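# Commentary on secondary and tertiary structure
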Amino acid sequence: MNIGSKLKEIRVLKGLTQEELADRAELSKGFISQLERNLTSPSIATLTDILQCLGTSLSEFFYEPPEEQIVFGKADYFEKYDAELKNSIRWIIPNAQKNVMEPILLTLEAGGETYPDTPHEGEEFGYVLQGSVTIHLGAKTYRAKKGESFYYVPDKKHYLTSKTGATLIWISSPPNF
């Protein structure tokens with residue numbers, strides 16, 4: 001961590017000059033300047049005083065949020081195969097159920113289907129990567145083939161089937177798998 005630049009960033013955000021911060025912390029303007037340029041290091045007591053003048057604490061100053069994983073590959077996927085329904089589901093974003101939406105990679109074998117789902121709040125979106133699917137929404141059915149997408153509000157009983165097999169990306173919000 002670059003202490004000097006972080007101190008300067010907070011000072012500027014608070015709208016203070018080096019001289020104003022120095023006066024509040026009972027230090028010299030030159031010392032604040034040297035700190036911000038990393039030419040000197042403060043003692044813990046001095047740093048605590050400066051941070052108090054800036055309206056923050058040592059723990060807030062040194063807190064760095066954990067690095068969040070943004071890109072996921074095949075090694076990160078979780079897969080479940082259902083022999084009875086002839087489908088496999090790959091969660092392509094690990095722990096997606098904690099998010100607002102849950103993207104999965106769904107593969108339906110010929111004659112395969114998804115679990116019939118009861119009406120619920122949210123939205124569902126799909127993009128067919130390979131093959132074709134029939135979307136069952138209540139008493140109506142719709143077909144989508146490779147390169148096509150679908151979107152619906154799941155306020156009726158709903159599920160997907162495929163006579164020839166299909167692979168699609170399916171996004172559900174909120175997660176319901």
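Above this note sits the structure.
Residues numbered from 1 in each chain as written. Predicted model: local features only at pLDDT ≥ 70, side-chain atom pairs only at ≥ 80, totals over all residues. Heavy atoms only, no water.

With respect to burial, strand E8 (residues 158-162) is a largely interior element, 4 of its 5 residues being buried. The pairing of strand E4 (residues 112-113) with E8 spans 2 bridges and is classified as antiparallel. Bridged to Gly112 within E8 is Ser162. Judged from the 4 bridges that link them, strand E5 (residues 123-137) and E8 form a sheet pairing that is antiparallel. Its bridge partner being in E8, Leu137 is matched across the sheet by His158. (Buried < 20%, exposed > 50% of the residue type's maximum accessible area, 1.4 Å probe, protein only. Helix = DSSP H or I, 4+ residues; strand = E, 2+ residues; numbered from the N terminus. Pairing = 2+ DSSP bridges.)

Below, the discussion takes up the nonpolar core. In terms of nonpolar packing, the biggest core is built from 16 residues, with Leu106, Val133, Ile135, Phe150, Leu160, Leu168 and Trp170 touching the most fellow members. Of all the secondary-structure elements, those providing two or more residues to this core are strand E2 (87-91), strand E3 (102-108), E5, strand E7 (149-152) and strand E9 (166-173). By residue number, the principal contributor to this core is E5, which donates 4 residues. Discounting chain neighbours no more than four positions away, the residues touching Val133 are Leu108, Val128, Tyr142, Arg143, Ala144, Phe150, Thr161, Ser162, Ala166 and Leu168. Within the second largest apolar cluster, 13 residues are counted, among which are Ile10, Ala25, Leu35 and Phe61. (Core = buried A, V, L, I, M, F, W, Y, C linked by side-chain atoms within 4.5 Å. Contact = heavy atoms within 4.5 Å.)

Moving on: helix H1 (residues 3-13). Along H1, the residues that are buried comprise Gly4, Leu7, Ile10 and Arg11. Each buried residue of H1 lies within a common arc of 130° when the element is viewed along its axis, so the set occupies one face. When the buried face of H1 is taken as reference, the exposed residues oriented beyond 90 degrees from it are Glu9 and Leu13. Close packing links the buried residues of H1 with helix H2 (18-25), helix H3 (29-36), helix H4 (44-53) and helix H5 (58-62). Between the side-chain oxygen of the N-cap and the backbone nitrogen of Gly4 there are 3.4 Å, and the N-cap of H1 in question is Asn2. Two residues or fewer after H1 comes Gly15, characterised by a positive phi angle close to 75°. (Arc of directions from axis to C-beta. Polar contact = N/O pair within 3.5 Å; in protein donor to acceptor, adjacent residues only side chain to side chain.)

A word on the environment of Val128. Mapped onto the elements of the fold, Val128 is located in strand E5. When its relative accessible area of 0% is taken as the criterion, Val128 is described as buried. Taking the C-alpha atoms as reference, Val128 lies 15 Å from Ser172; in sequence the two are 44 residues apart. Ignoring sequence-local partners within four residues, the contact set of Val128 consists of Val133, Ala144, Lys145, Lys146, Gly147, Glu148, Phe150, Thr167 and Leu168.

Before going further, it helps to examine the pattern of salt bridges. Counted according to the given criterion, the structure contains 4 salt bridges. Residue Glu148 is joined to Lys145 by a salt bridge in which the shortest nitrogen-to-oxygen separation is 3.2 Å. (Salt bridge = Lys/Arg side-chain N within 4 Å of Asp/Glu carboxyl O.)

Moving on to the packing of H2 against H3. Contact pair H2 / H3: the axes reach a minimum separation of 8 Å and the direction vectors enclose 115°. For the element pair H2 / H3, the angle class is roughly perpendicular. Two packed elements cross with a definite hand, and for H2 against H3 that hand is right-handed. In contact with Gln18, Glu19, Leu21 and Ala22 of H2, H3 contributes Lys29, Ile32, Ser33 and Glu36. A breakdown of the residues in the contact of H2 with H3 according to their chemical character gives 3 nonpolar, 2 polar and 3 charged. (Axes fitted to C-alpha atoms, helices over the stretch in contact; angles between N-to-C directions. Parallel < 35°, antiparallel > 145°, perpendicular 65-115°, else oblique. Left-handed = near helix turned anticlockwise from the far one by under 90°. Nonpolar A, V, L, I, M, F, W, Y, C, P; charged D, E, K, R; others polar.)

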